[in-house]
Amino acid sequence: MDFLTSIIDFILHIDKHLNEIIQTYGTWTYLLLFMVIFVETGLVIMPFLPGDSLLFAAGAFAAQGSLNVVVLFVLLSFAAILGDTVNYWIGHYIGPKAFSGNVRFLKKEHLDRTHAFYEKHGGKTIILARFIPIIRTFAPFVAGIGEMTYSHFIFYNVVGALLWCGIFIFGGYLFGNLPIVQENFGLVVIGIIIVSVLPVVIEFVQNYRRKQQMGREQATLEP
């Protein structure tokens, strides 16, 4: 519980914590940022680490001259690409073993349907998942389980990483030092999180309504 509280505090006050890290570790900050982004995207058990807010805050400090914005963009984009790639291959390795038939509720047809979904919609899923906390950690893992064609996966992995890092790092670089943003950085972080998860909430509500509508239509057709 204390660990979770520490993570939440770090995310909500990421500007203060990142400033302390820069002052303490200097150039080594780049390595620490690289490791956080790599782990957040590469290890399915670590979806709670900061992503969007960390990129935005790093961009804001780059605008102050504490970090180099080009180095940040190149390094963290590589971390995001590498993280998703590792996550994909972990899923690819685990998938056939988990769905071999030894586990009752993990059936081969589920794996086949996942594969078909990612072959058809995987590109869009990999790119959009970059902007949704927690989902971005699981999407490449599931793509690996579903045996999405790797050449297909790596293309959208790279595109998604460049878009994700570019939007948030350069967004922080351009807007992070505005007085209103600096004075309300915690609220900005909460806003980023809300905007990021909003598509998932909307999709959930729409899916729920569709099921309710189908249930009502089916009930009217029954004698």
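Let me sum up the structure you'll find in this document. (Residues numbered from 1 in each chain as written. Predicted model: local features only at pLDDT ≥ 70, side-chain atom pairs only at ≥ 80, totals over all residues. Heavy atoms only, no water.)

**Here we look at the nonpolar core**
Step number 1: Grouped together as the largest cluster of nonpolar side chains are 34 residues, with contacts concentrated most on Leu33, Ile37, Leu55, Leu67, Leu72 and Leu76.
Step number 2: For this core, the secondary structure elements donating two or more residues are α2 (14-25), α3 (29-42), α4 (52-63), α5 (69-98), α8 (150-175) and α10 (185-221).
Step number 3: Of the residues forming this core, the biggest block, seven residues, is contributed by α4.
Step number 4: Tyr118, Ile126, Ala143 and Met148 belong to the second largest nonpolar core, which has eight residues in total. (Core = buried A, V, L, I, M, F, W, Y, C linked by side-chain atoms within 4.5 Å. Buried < 20%, exposed > 50% of the residue type's maximum accessible area, 1.4 Å probe, protein only. Helix = DSSP H or I, 4+ residues; strand = E, 2+ residues; numbered from the N terminus.)

**Points about the pattern of salt bridges**
Step number 1: Counting across every chain of the model gives three salt bridges.
Step number 2: Arg136 is the partner of Glu40 in a salt bridge, and the nearest nitrogen-oxygen pair spans 2.8 Å. In this pair, Glu40 sits in helix α3 while Arg136 sits in helix α7 (residues 135-145), placing the two residues 96 residues apart along the sequence.
Step number 3: Residue class for Arg136 comes out buried when judged on its relative accessible area of 3%.
Step number 4: For the salt bridge of Arg130 with Asp84, the shortest nitrogen-to-oxygen distance reads 3.2 Å. Of this pair, Arg130 sits in the loop between α6 (108-129) and α7 while Asp84 sits in helix α5, placing them 46 residues apart in sequence.
Step number 5: With relative accessibility at 1%, the residue Arg130 sits in the buried group. (Salt bridge = Lys/Arg side-chain N within 4 Å of Asp/Glu carboxyl O.)

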